[in-house]
Amino acid sequence: QVQLVESGGGLVQAGASLRLSCAASGGIFSSYAMSWFRQTPGKEREFVAGIRRSGVISVYVDSVKGRFTISRDNAKNTMYLQMNSLKPEDTAVYYCAARGDNDYVSRQPYNYNYWGQGTRVTVSS
């Protein structure tokens with residue numbers, strides 16, 4: 001069973017950058033497909049980006065393509081989300097998630113077995 005801890009959130013101005021990290025422990029990190037989701041009050045959790053076990057294949061929601069980059073370092077048991085050109089609409093709590101049943105990056109939260117506690121990102125205009 002893997003435990004996930006996010007870090008790197010904060011308050012920034014529009015156009016700035018942030019890098020989120022998701023540190024994993026208690027499991028074999030390289031055996032999990034990983035994703036980032038985000039959520040704002042009153043809305044469902046939204047898929048942002050996902051990456052397969054090897055790190056070769058990644059998937060993004062259209063609204064972040066070209067601005068966000070997902071990556072992972074299996075030797076360090078850590079996943080990252082580099083967020084550039086941030087917009088106010090990126091404001092949310094960001095969660096990392098892991099699934100161990102297969103290597104498919106699903107956009108549906110219910111396919112993920114493990115979640116972090118979230119890190120808040122606030123982008124001011």
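See the structure above.
Everything in this summary refers to the structure shown in the same document. (Residues numbered from 1 in each chain as written. Predicted model: local features only at pLDDT ≥ 70, side-chain atom pairs only at ≥ 80, totals over all residues. Heavy atoms only, no water.)

### Focus: the sheet that holds strand E7 (residues 68–73)
This is how the line gets drawn: By this definition, two strands are paired if DSSP reports at least two bridges between them. Runs of H or I in DSSP of at least four residues are treated as helices and runs of E of at least two as strands, each being numbered from the N terminus. All axes here are fitted lines through C-alpha atoms, helices being fitted over the stretch that makes contact, and every angle between N-to-C directions spans 0 to 180 degrees.
Read from one edge of the open sheet, 4 strands run E1-E3-E8-E7, paired in antiparallel fashion. Both outer strands of the open sheet, strand E1 (3–7) and E7, are each paired with one neighbouring strand and no more. Each adjacent strand pair in this sheet contributes to an overall mean axis angle of 15 degrees, direction not counted. Note that E1 and strand E3 (residues 18–25) share 5 bridges and pair antiparallel. Residue leucine 4 lies in a different strand from E3, and its bridge partner there is alanine 24.

### Focus: the pairing of strand E11 (residues 119–124)
Which entries qualify depends on this criterion: Accessible area is worked out with a 1.4 Å probe on protein chains only. A residue is then buried under 20% of its type maximum, exposed over 50%, and partly exposed in between.
Side-chain alternation along E11 places Thr119, Val121 and Val123 on a buried face and Arg120, Thr122 and Ser124 on a face that remains uncovered. For strand E9 (residues 92–99) and E11, the ladder comprises 3 bridges, and the chain directions are antiparallel. Among the inter-strand pairings, alanine 92 is bridged to a residue of E11, identified as valine 121.

### Here's the deal with the side chain of aspartate 103
Threshold: Between N or O atoms, a polar contact is any pair within 3.5 Å; within protein, one atom must be a potential hydrogen donor and the other a potential acceptor, and residues adjacent in sequence are included only when both atoms are from side chains. By the convention used here, residues are in contact when the closest approach between their heavy atoms is within 4.5 Å.
Along the chain, the position of aspartate 103 falls in the loop between E9 and strand E10 (114–115). A polar contact of 2.7 Å, which involves the side chain of aspartate 103, links it to the backbone nitrogen of arginine 53. For aspartate 103, the contacting residues outside a window of four places in its chain are Ala33, Arg52 and Arg53.

### A short note on the state of the cysteines
Inclusion rule: Only a pair of cysteine sulfur atoms within 2.5 Å qualifies as a disulfide here.
With the rule as written, the count across this model stands at 1 disulfide. The partner cysteine of cysteine 22 in its disulfide is cysteine 96, sulfur to sulfur 2.1 Å. In this structure the cystine formed by cysteine 22 and cysteine 96 twists about its S-S bond by roughly 60 degrees; its chirality is therefore right-handed. Of this pair, cysteine 22 sits in strand E3 while cysteine 96 sits in strand E9, placing them 74 residues apart in sequence.

These figures capture arrangement, not role.
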